[in-house]
Amino acid sequence: MTALPPLNQLLRELVAAPSVSSEHPAHDMGNLPVVHLLAEWLEGLGFAVEILPLPGRSDKANLIATLGRGPGGLVLAGHTDTVPFDDSGWDSEPFALTERDDRLHGLGICDMKGFLGLAVEAASAAAGQTLQQPLILLATADEESGMDGARALAAAGRPKARHAVIGEPTNLRPVRLHKGILMDSLHVHGHAGHSSRPDLGANAIRGMHQVLGAVMAHGDALARHSCGRGFAIDHPTINTGCIEGGDSANRIPAHCRLDVDLRFGPDDRIDALRSDLREAAAAGLTEPGCRFEASTLFDGIPAFETAAGTDIVRACEALTGHAAEAVDFATEGPFLNQLGMETVILGPGDIAVAHQPNESLPLDRIAPTQKLLRDLIARFCLAG
């Protein structure tokens, strides 16, 4: 067994390895530098490590590292990618782990390279012991863009275990329920022309103004329907996140695109939500000469729910002192549950600083997370 580097070095090297994922090719990059770091450390601890490339992407891969054997066991899971960043908003280099104001700063330290480093460190304590059930560390690709890594694992039927913890930022409070998500691109096609003769063209931006109003009205209608599960915002929500159209002030714009994000509860169905959204948007377009079209930006994932009485939920509640909650953001939890696991979302970060400049992790979260992970490993892997 090879000695593991100190935790600060693990975190520093993970943050320093760029792994941005994005639906926009200009920002997208691979995750292999992170995967290879994890593989090196875990192989040194005696884990059997598999690197599984994503279909059609030689620069992206999932990692499954397994210690021990048996039908049950525990998965500690995290995604290796980060969102894109604007370095003008940072007070330090995003890819350099920096300590200030009692916090560690760096791209991904909260969401969620910090958890991955802590999981490796916790695994090292179990490496020299006899496991009654396997310990599996799972590191996925592309969670931030399309969840393609988790989709590939679900399609392959791996890994198999009984319990799982995904270390997304939850302020060390267990989460057993979260909303689902879908994303669509809404397009208005018009006809270009000289701005002095608007009668000879069809202005796609004017048309999109109508579509945008219809989408916002549809969101207001959805807000009148409660999800009924205790979410912070206890109804479906629509975010109009990106709009692009035209190319010059003196040209009638022929095209305009609006990207939207829709979050929903466990009783809502993706197909019906998408159909209703597109129908409402299309009905709003009345600009002469303009045509509406919709395309799928992200297929979507259903809402996530693990039953309150399961062993992993009860254990996480007991160890943290907090009852399991519901959150509005989405994770890879539905895919792990699809694989037959009972899954809890539980990590040291704070979602309020995720996807933000100066992303950070409080130093006082490190020791409690170390204890929590070791206690979970003892409960689900070492106990007879």
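Residues numbered from 1 in each chain as written. Predicted model: local features only at pLDDT ≥ 70, side-chain atom pairs only at ≥ 80, totals over all residues. Heavy atoms only, no water.

This next bit is on the packing of helix 7 (residues 311–320) against helix 9 (residues 366–382). Describing two packed helices takes the angle between their axes plus the distance from one axis to the other. At a minimum axis separation of 11 Å, helix 7 and helix 9 run at an interaxial angle of 140°. If you check the angle between helix 7 and helix 9, you find them oblique. Handedness of the crossing formed by helix 7 with helix 9: right-handed. Contacts from Asp311, Ile312, Ala315, Cys316, Leu319 and Thr320 in helix 7 reach Leu372, Asp375, Leu376, Arg379 and Phe380 in helix 9. (Axes fitted to C-alpha atoms, helices over the stretch in contact; angles between N-to-C directions. Helix = DSSP H or I, 4+ residues; strand = E, 2+ residues; numbered from the N terminus. Parallel < 35°, antiparallel > 145°, perpendicular 65-115°, else oblique. Left-handed = near helix turned anticlockwise from the far one by under 90°. Contact = heavy atoms within 4.5 Å.)

What follows deals with the sheet that holds strand 5 (residues 103–105). One open sheet holds the three strands; their spatial order is 4-5-18, and the pairing between them is antiparallel. With one partner strand each, in any of the chains shown, strand 4 (98–100) and strand 18 (360–362) form the two edges of the open sheet. Shown here is a sheet whose adjacent strand axes are inclined to one another by a mean of 25°, direction ignored. Two strands pair when backbone bridges link them, and strand 5 and strand 18 are joined in this way by three bridges, in the antiparallel orientation. Residue Leu104 lies in a different strand from strand 18, and its bridge partner there is Leu361. (Pairing = 2+ DSSP bridges.)

Before going further, it helps to examine the environment of His79. Its place among the elements puts His79 in strand 3 (residues 74–79). Considered as a pair, His79 and Val260 are 181 residues apart in the sequence and their alpha carbons are 24 Å apart. In this view, His79 contacts Asp111, Met112, Leu116, Thr140, Glu143, Glu144, Glu168 and Glu332; residues no more than four positions away in its chain are not counted. Within the structure, His79 has its side chain in polar contact with the backbone oxygen of Asp81 (distance 3.0 Å). For His79, the side chain forms a polar contact with the side chain of Asp111, separated by 3.0 Å. (Polar contact = N/O pair within 3.5 Å; in protein donor to acceptor, adjacent residues only side chain to side chain.)

Within helix 1 (residues 7–16), burial applies to Leu7, Leu10, Leu11, Leu14 and Val15. Take helix 1 and look down its axis: the buried residues cluster within an arc of 125°, on one side only. Summarising the contacts, the buried residues of helix 1 are in contact with helix 2 (32–44), strand 5, helix 3 (109–126) and helix 9. (Buried < 20%, exposed > 50% of the residue type's maximum accessible area, 1.4 Å probe, protein only. Arc of directions from axis to C-beta.)

Taken together, four strands build an open sheet; the order of strands is 11-13-9-14 and the sheet is antiparallel. Either end of the sheet is taken by a strand with one partner, and the two such strands are strand 11 (237–245) and strand 14 (291–301). On average, each strand axis in the sheet is inclined to that of its neighbour by 20°, with strand direction left out of account. Lying over the sheet, helix 5 (residues 204–222) contacts strand 9 (180–189), strand 11, strand 13 (255–264) and strand 14, oriented at roughly 10° with respect to strand 13. Running over the sheet, helix 6 (residues 270–284) touches strand 9, strand 11, strand 13 and strand 14 and is turned about 155° from strand 14.

An α-helical turn contains 3.6 residues, so a residue and the one three or four places further along point in the same direction. Spanning 18 residues, helix 3 covers 24 Å between terminal C-alpha atoms, matching the ideal 26 Å at 1.5 Å per step. With 16 of 18 residues buried, helix 3 lies mostly within the body of the structure. (Expected span 1.5 Å × (residues − 1).)

Quick look at the packing of helix 1 against helix 2 now. The contact between helix 1 and helix 2 brings their axes to 9 Å, and the two run at 155°. The angle between the axes of helix 1 and helix 2 places the two elements in the roughly antiparallel class. Helix 1 and helix 2 meet at a crossing whose hand is right-handed. Note on element contacts: helix 2 touches helix 1 through Val34, Leu37, Leu38 and Trp41, opposite Leu10, Glu13 and Leu14. The class makeup of the residues in the contact of helix 1 with helix 2 is six nonpolar, no polar and one charged. (Nonpolar A, V, L, I, M, F, W, Y, C, P; charged D, E, K, R; others polar.)

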